[in-house]
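The chain contents come next:
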Amino acid sequence: MKGLQIVVLGSIVPDPLQTLEPIAGPTGPALKNELMLPAVLDPWAGHALYEAASLAKKVEGKVYLVALGPKAKLQQVMMNVAQKVPFEIVVLDGPAGGFADATETAKALAGAVEKIPGLDKSKLLVFGGWQSASRGTGAVLQMVGEMLGITDQFQGVDELVLAEDGSFTVLERIEGGCYQKSACQGAPALLGWATGNLPEPPNNPQVGMQNMRLIMPALAKATPSPLKGEGLRYASVEVPSQRRDTRIVKDAPVDDIARELADWIRA
Amino acid sequence: MKVLFLAHSEADGSLGKAACEALTAAKGLGGELMVGLYGAEVQKAADQIAGCGAAKFYGVAGGEFATARYGSDASACEAMAKAAGADMIVMPSTSRASRVAAGVAQRLGAAVDTRLTGLEAADGKIVATRWFYRQRMLGKIERDARPWLVTVDSGCFAACEAAGSAAVEMLNVAPATRTTVTGVIAPAADAQTIRPDAKLLLVAGAGWGKTQPDGQKHLDDASSLILSLLAATQCSLGSSKSLVDQSGEGAALPFLTHMHQVGQTGSTPRHQKGLATCCHGEEPHVVGWRFIGERRAINLDAGCGWAQGKADVLYVADAFAVAKKLAELLK
Amino acid sequence: MTDENTSPQPEGALPEGFERQRMDVDIACVGFGPAMGGFLHTLSKGLMNEDGTPVVESKAMPGMPPQVICYERADDIGFGVSGVVTKGRGIRASFPDLDLMQIPLATEVAHEEVLYLLDPIGASRKPLALRLADKALKALGLTKDHAYALPYTPNFLRKEPGILLSMGQFNQWAGGQIMGQGVAQIWPGTPVAEPIMFDQVVAGVRLQDQGVDKRGNPEAGFMPGMDIRCQLTVVGDGPVGNVGRKLDEKLGLPLGNHAREWAVGMKMVVDLPEGCQLKEGTVLHTLGFPEPEIFGFLYVYPGNVASLGIFVPSWYDSPVRTGYRYLQHWMQHPAIWKHIKGGRMRSWGAKSLQESGRKGEPHLVGDGFARIGEGSGTTNVLTGSGFDEAWTSGVLLGVSVLELMKADKPFTRENLEQSYVRRRRDSWLEREAKAAEKARDGFQVGVVPGLIGMALTGLSEGKLFWPGASKKPHERIPSIESFFQGRITADEIAAIRRECTAKGLPLHGALMDRAGWPAINFDGQLLVSHQDALLMGGKVQAPPGYRDHVTFKNQNVCRTCDEKVCIEACSGQAIATNPEGGAPLFDREKCVHCGACIWNCSKPAPNGGESANVDFQAGAGGLHSAEN
């Protein structure tokens with residue numbers, strides 16, 4: 001099916017290796033030193049983007065990345081992501097943190113998708129990560145889908161196989177390491193990606209150059225999208241105390257360790 | 001306050017454990033309880049919880065609702081929620097319910113919060129607990145808006161047991177969907193390594209794939225040792241991202257896929273016990289441990305900041321040797 | 001300048017079906033640090049007219065604005081390492097309205113102090129003169145917490161009035177400013193393999209191959225590193241940068257110059273304990289402990305946060321010089337520990353510093369290239385200042401490149417000499433570097449002459465110095481046996497070597513224990529194992545698909561090497577003993593790209609020259625902390 005329009009919804013999260021601590025901000029909880037933390041593209045949204053690019057290449061489609069996040073941080077992350085696959089970005093300058101309300105985020109994103117020039121819903125696939133690494137609700141995509149009138153939705157997707165006629169099959173993760181396989185007649189549809197099957201694409205300077213010609217102007221005209229944070233109140237946010245008194249067994253014979261472990265497992 | 005417990009029946013018509021736990025959460029809110037069930041058939045499931053105190057049972061059933069599919073499930077849930085007119089709607093966090101929960105909330109104009117690990121009513125307020133930033137911090141949230149739809153994680157509430165016989169009011173729903181579920185792909189029984197109900201989680205870390213003291217990698221040994229432990233204990237297998245990344249079909253640890261990944265970009269499974277082997281790292285791994293009760297670890301570094309303070313026991317030893325002996329003992 | 005149709009390197013190595021792609025830009029830049037920040041900011045500011053149109057047109061893409069691309073090997077432009085205290089003259093000139101509040105962790109210098117640290121343990125190798133001085137200071141009651149605070153900070157060391165910065169946060173901020181100007185693109189995560197050279201002419205750079213195994217053989221997803229062709233290559237990749245070092249190898253250094261003095265700086269960013277007495281803006285310099293050659297620093301950022309660490313220099317002639325263990329002993333010195341005890345490590349990192357200063361200056365320009373920053377010899381070895389100097393060198397090149405572009409002059413050696421080099425020679429940068437040039441020569445002779453020499457140079461503003469001839473780094477390193485002569489017997493060293501080799505461990509831990517250094521009691525938050533410093537502090541990572549960037553040129557040489565300083569000095573424990581003998585093992589996932597292995601090798605390269613037997617290329621990954 002030629003001319004697919006694949007809209008990927010995805011934003012940034014703190015680099016997963018960083019230590020995170022909550023603080024009470026003026027408008028609710030926030031991350032300590034949030035501005036200083038290096039950020040990355042949300043990992044599952046990243047997989048969605050790479051899958052989108054791979055699909056678009058096969059069907060001469062076009063990939064849009066709609067991102068809601070602080071402009072300066074988005075710009076920084078794009079310096080890395082934009083080298084990987086070709087896409088056009090739509091920037092909403094607003095909060096990307098985990099404490100923002102999923103519904104408000106969904107409304108902002110759906111509004112931005114609707115405004116993409118030349119959007120043709122009969123050719124529209126909405127992609128995203130099945131959960132974010134920040135809020136982790138796995139709720140935004142479904143709501144965006146509903147707002148756009150898309151009722152063929154899939155979550156935890158690891159594989160999408162598109163047929164010539166535009167129909168496709170999907171593998172979704174379900175419990176116990178199993179997959180549910182579905183067939184859908186075609187666009188419009190929404191897919192929340194898990195890991196997918198593609199490795200992270202290499203950094204390609206030509207892709208970067210091409211993307212940047214559009215990304216910098218898009219960042220410059222980013223739509224301010226402050227979220228009101230209405231309706232959701234935080235009574236507390238804390239890093240749970242989790243320190244355990246670790247007994248360290250050193251210089252013990254392997255047999256003794258194995259026996260102790262066997263007893264513990266059997267108990 | 002009207003509370004609607006909304007859940008799907010399983011393939012055999014029963015109500016799953018995760019759903020029975022969510023029902024306990026719903027009951028705990030007080031108020032007038034109602035139940036909405038959907039699936040191929042729902043009577044058996046309704047009978048399973050007939051004595052839960054619900055004032056009303058709604059049902060949507062039929063072949064159209066036999067499988068987990070967004071279009072049909074969302075329509076069924078929407079219809080029952082509208083019929084019930086509830087203030088609070090509680091669903092389990094199964095893959096099937098999670099697929100539609102937020103979409104249903106959107107149709108109802110409801111507020112939504114997912115994957116709660118706590119839900120309490122106190123002093124006329126409802127306080128929900130959930131994790132943020134991949135299980136790194138715990139927040140308590142409140143909302144005034146109603147209806148409020150929530151999903152609750154399994155393993156956080158006791159399963160409700162209240163068998164009897166229930167009268168279910170069946171609703172007719174005609175879903176619009178262009179999707180057909182064509183089947184479930186499950187690993188063969190002997191290749192099944194993700195077992196959510198197992199008592200023990202075995203976490204294989206990157207150390208298994210690293211160069212060993214003799215200067216060589218021993219991936220074949222690692223592979224057979226891990227599999228023999230799995231066979232001996234029937235435990236569930238988890239892995240770190242770095243080990244998964246170097247595994248997969250055709251690689252030395254072919255049975256590891258991204259579905260095994262625990263931690264930052266993987267899952268956060270719940271098991272009574274956890275044994276970490278050859279793991280070393282900080283935050284990303286801590287996340288994977290979050291819901292493991294008793295924790296033990298084997299690695300070569302006594303100073304390992306990850307195991308210290310996070311595990312109950314740290315064995316400073318060669319995991320290859322210990323795993324070999326352990327598998328023999330447990331055979 | 002060049003025959004564009006010929007290829008500088010044989011392409012036969014590429015597997016069938018793969019072609020090395022080529023992209024043409026106007027200016028390709030290598031390495032994003034303060035020097036490149038100064039260059040790109042200056043260039044961006046001057047390249048655009050008020051109405052947003054470019055002052056000149058791109059030659060690579062006619063009709064477009066000039067295409068300026070900067071490649072940075074680290075995964076983010078904020079992963080640089082350095083606590084910075086600077087007079088900030090260059091920065092303030094570039095940003096007259098600089099508001100430090102906009103840069104996280106930045107603040108004004110409020111108080112400076114130099115501490116001479118005595119040895120409270122008795123394991124330090126202080127020479128007799130210093131031991132006598134220690135005794136005298138104690139007897140006179142001039143010490144507190146085993147430290148003597150100099151009554152005043154000598155002028156040449158003073159940074160007040162000045163600025164405290166975190167290199168990572170500054171780079172993030174500067175990068176944001178530059179990108180916002182819309183002229184230059186900065187691409188992190190893109191290591192550059194080498195300059196593309198035709199004889200002495202630089203025609204661009206070649207990026208590292210991706211999708212290869214650790215030996216560099218193509219694997220799934222193979223993508224040959226692209227050739228970026230340009231009229232000007234700006235080299236600002238620092239002292240361990242691959243492009244700069246390749247140029248030095250090929251072109252040599254100007255007659256009489258050499259870049260032989262190095263140091264590894266290892267540092268932490270620490271949340272100070274509650275109630276810590278140190279005030280924001282405090283700067284402490286230390287000398288004397290844990291070894292007399294090792295200098296230390298502690299800067300207090302806003303928010304009760306400190307940047308602290310040590311420098312282990314190449315003239316500390318120990319074959320087992322390990323930054324990490326020394327850092328921990330230094331932190332526990334009573335004069336430091338009283339401030340930081342109970343604190344928590346937020347970040348950790350290490351970096352090699354080029355300490356030759358003006359004397360290490362390479363050919364600053366040539367046909368098609370210009371060099372800026374630390375790798376171009378900007379560091380002032382008397383004042384220990386490098387940040388401001390690096391930034392300023394970038395600014396000077398920026399102004400010069402604008403001048404040449406506007407005059408439509410090509411980037412030939414001659415034109416660059418007449419613009420950039422002339423400006424540099426006329427600047428304060430050169431004037432001060434000249435005065436500092438011989439400040440550290442005394443350290444070639446010994447630590448006491450070194451300290452006296454520095455003071456002489458500083459107080460006489462460069463007129464006096466203590467002479468000392470330099471050696472190639474690998475020539476300096478003695479055998480372990482001779483270094484520990486009189487303290488540990490050769491037999492004992494042999495036993496330690498056998499035991500550590502069997503366990504795959506470096507020797508320094510065992511040798512330091514034996515030399516009387518106490519074991520480190522890990523507290524899990526400030527005193528942590530070296531591995532935990534990497535994971536919790538440095539968050540070290542290596543993306544897959546790149547070759548090992550540390551290799552050994554002649555493996556037979558490693559087989560017979562008894563010191564293996566590369567292992568002992570590795571800041572990330574990435575280079576490890578091979579229990580089977582032979583060349584050490586390298587683990588890319590632990591490398592912080594400090595480059596210490598370049599100059600911590602006791603064996604000369606097989607092909608002679610200045611370099612040693614370790615080959616250090618540009619690689620992706622490394623530290624993932626933006627606070628260092």
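Keep in mind the model is a prediction, meaning the values are calculated, not measured. For every chain, the first residue of the written sequence is number 1, and numbering continues from 1 onward in sequence order. All chains are assigned letters beginning at A, and all ligands numbers beginning at 1, according to the order in which they are written. Only residues with pLDDT of at least 70 are given local features in this predicted model, and only at 80 or more are side-chain atom pairs given and counted; all residues enter the totals for whole chains, interfaces and linings. Think of the side-chain values as coming from all heavy atoms in the structure, minus any hydrogens and water.

Trainee: Tell me about the pairing of strand β7 (residues 137-143) of chain B, and name the residues and values.
Mentor: Most of β7(B) sits inside the fold, with five of its seven residues counted as buried. Note on pairing: two strands pair once DSSP finds at least 2 bridges between them. Strands are runs of DSSP state E lasting at least two residues, helices are runs of H or I lasting at least four, and both sets are numbered from the N terminus onward. Of the pairings in the sheet, the one linking strand β14 (residues 232-238) of chain A to β7(B) comprises six bridges and is antiparallel in character. Its bridge partner being in β7(B), S236(A) is matched across the sheet by K140(B). Pairing analysis gives five bridges linking strand β6 (residues 125-132) of chain B to β7(B), with the strands arranged antiparallel. Counterpart to W131(B) in the pairing with β7(B) is L138(B). Note on exposure labels: buried denotes an accessible area under 20% of the residue type's maximum, exposed denotes more than 50%, and partly exposed covers the range between, all computed with a 1.4 Å probe on protein chains only.

Trainee: Report on the interface of chain B and chain C, specifying residues and quantitative values.
Mentor: Throughout, a contact is declared for two residues whenever any of their heavy atoms are within 4.5 Å. With twelve residues of chain B at the interface, the matching set in chain C holds ten residues. Polar contacts here mean pairs of N or O atoms no more than 3.5 Å apart (in protein, one a potential hydrogen donor and the other a potential acceptor; neighbouring residues in sequence count only if both atoms are side-chain atoms). At the junction of chain B and chain C, the tally comes to zero residue pairs in polar contact (both at pLDDT 80 or more). Here the side of chain B that touches chain C is composed, by residue class, of two nonpolar, six polar and four charged. Polar here means any residue outside two lists: the nonpolar Ala, Val, Leu, Ile, Met, Phe, Trp, Tyr, Cys and Pro, and the charged Asp, Glu, Lys and Arg; Gly therefore counts as polar.

Trainee: Can you tell me about the pattern of salt bridges, naming the residues and giving the values?
Mentor: All names here are of chain A. Salt bridges are defined by distance alone: a side-chain nitrogen of Lys or Arg within 4 Å of a carboxyl oxygen of Asp or Glu. Under the defined criterion, the tally for this structure stands at 61 salt bridges over all chains. K62 serves as the salt-bridge partner of E88, at 2.6 Å between the closest nitrogen and oxygen. In this pair, E88 sits in strand β7 (residues 88-93) while K62 sits in strand β6 (residues 62-69), placing the two residues 26 residues apart along the sequence. Take K62: its relative accessible area is 36%, and that puts it in the partly exposed class.

Trainee: Report on the sheet that holds strand β7 (residues 147-149) of chain C, specifying residues and quantitative values.
Mentor: Residues and elements named next belong to chain C. Strand order in the open sheet formed by seven strands is β7-β6-β17-β18-β19-β16-β20, and the pairing between neighbours is mixed. Strands with a single pairing partner mark the edges of an open sheet, and in this sheet they are β7 and β20 (344-354). The mean inter-strand angle of the sheet, taken between neighbouring strand axes irrespective of direction, is 20°. In this sheet, strand β19 (residues 305-313) lies alongside strand β16 (residues 262-271) in antiparallel orientation, the contact comprising nine bridges. Along β19, the bridge assignment pairs K267 with G309. Where helix α6 (residues 323-331) meets the sheet, it contacts β6 (111-117), β16, β17 (282-287), β18 (295-301), β19 and β20, and its direction lies at approximately 125° from that of β19. Every angle, taken between N-to-C directions, lies between 0 and 180 degrees, and every axis is a line fitted to C-alpha atoms, over only the stretch in contact when it is a helix.

Trainee: I'd like a description of the interface of chain A and chain B, backed by residues and values.
Mentor: It is common to give the size of an interface as the accessible area lost on bringing the parts into contact. Facing the 86 residues of chain A at the interface are 82 residues of chain B. For the pair chain A and chain B, the summed buried surface comes to about 7,500 Å²; carbon and sulfur atoms form 55% of the total. Buried area counts how much accessible surface, traced with a 1.4 Å probe, disappears from two parts once they are put together, with both parts' losses summed. Broken down residue by residue, the surface that chain A buries against chain B is led by R233(A), R244(A) and W264(A), which jointly contribute 11%. Counting the contacts that link chain A with chain B gives eight salt bridges. D312(B) serves as the salt-bridge partner of R244(A), at 3.1 Å between the closest nitrogen and oxygen. At the junction of chain A and chain B, the tally comes to 46 residue pairs in polar contact (both at pLDDT 80 or more). Contributions of two or more residues to the side of chain A that touches chain B are made by α1 (43-59), α4 (140-148), β9 (153-162), β10 (168-174), β11 (178-184), β14, β15 (247-249) and α6 (254-266) of chain A.

Trainee: Any chance you could break down the domain arrangement of chain B for me, citing the residues and the numbers?
Mentor: All names here are of chain B. Here chain B is partitioned into domain 1 (2-170) and domain 2 (189-330). Inter-centroid distance (C-alpha atoms) of domain 1 to domain 2 is 34 Å. Counting residues at the interface gives nine residues for domain 1 and ten residues for domain 2. With both chains or domains summed, domain 1 and domain 2 bury close to 820 Å², and 43% of this area falls on carbon and sulfur atoms. Per-residue buried area on domain 1 facing domain 2 is highest for R134, Q135 and R136; these three make up 69% of the total on that side. Here domain 1 and domain 2 share zero salt bridges between them. Segment limits for the domains were obtained from an automatic or database-derived domain assignment.

Trainee: So what's going on with the side chain of Q444(C)? Residues and values would help.
Mentor: Residues and elements named next belong to chain C. As for its placement among the helices and strands, Q444 is situated in the loop between α10 (428-436) and α11 (447-460). Assessed through its relative accessible area of 14%, Q444 is described here as buried. For Q444, the residues in contact, after removing those within four places along its chain, are E261, G468, A469, S470, K471 and R476.

Trainee: Tell me about the pairing of strand β3 (residues 22-25) of chain A, and please be specific about residues and values.
Mentor: All names here are of chain A. Across four bridges, the pairing between β3 and strand β4 (residues 28-31) is antiparallel. What sits directly across from A24, in β4, is P29. As consecutive antiparallel partners, β3 and β4 are separated by two residues.

Trainee: Describe the nonpolar core, naming the residues involved and giving the relevant values.
Mentor: In this structure, F87(A), L125(A), F127(A), L191(A), I27(C), F39(C) and L40(C) are the most contacted members of the largest nonpolar core, which totals 104 residues. Excluding residues within four positions of it along the chain, I27(C) makes contact with F39(C), L43(C), Q67(C), V68(C), I69(C), C230(C), L232(C), V234(C), V401(C) and M405(C). Put simply, buried Ala, Val, Leu, Ile, Met, Phe, Trp, Tyr and Cys residues joined by side-chain atoms within 4.5 Å make one nonpolar core. Among the nonpolar cores identified, the runner-up in size contains 78 residues, and M268(C), I336(C), A533(C) and C597(C) belong to it.

Trainee: A description of the side chain of S602(C) should follow, citing residues and the corresponding values.
Mentor: Residue and element names in this part refer to chain C. Inspection of the secondary structure assignment puts S602 in the loop between α19 (596-599) and β26 (614-616). Among the polar contacts listed, one links the side chain of S602 to the side chain of K603, at a separation of 3.2 Å. With residues up to four places along the chain from it excluded, the contact list for S602 reads H474, I477, C561, E563 and V565.

Trainee: Which residues make up the packing of aromatic side chains, and what values do they have?
Mentor: Only rings of Phe, Tyr and Trp enter the pairing, Trp through its six-membered ring, and a pair is recorded when the two centres are within 6.5 Å. The plane angle decides the type: under 30 degrees is stacked, over 60 is edge-to-face, the rest tilted. Applying the stated criterion to the full structure yields 26 aromatic pairs over all chains. When the ring of F170(C) is compared with that of W391(C), the centres are 5.7 Å apart and the planes differ by 75°; the resulting orientation is edge-to-face. In this pair, F170(C) sits in helix α4 (residues 167-181) while W391(C) sits in helix α8 (residues 387-406), placing the two residues 221 residues apart along the sequence. The buried category is assigned to F170(C), whose relative accessible area is 1%. With a relative accessible area of 0%, W391(C) lands in the buried category. Taken together, the ring pairs connect F289(C), Y316(C), Y326(C), F483(C), F484(C) and W517(C) into an aromatic cluster. Remark: a charge is flagged as sitting over a ring if the NZ atom of Lys or the CZ atom of Arg is within 6 Å of the ring centre and within 35 degrees of the ring normal. Above the plane of the ring of F132(B) lies R130(B), whose end atom (NZ or CZ) is 4.9 Å from the centre. Over the face of the ring belonging to F291(B) we find R270(B), whose NZ or CZ atom lies 3.8 Å from the ring centre.

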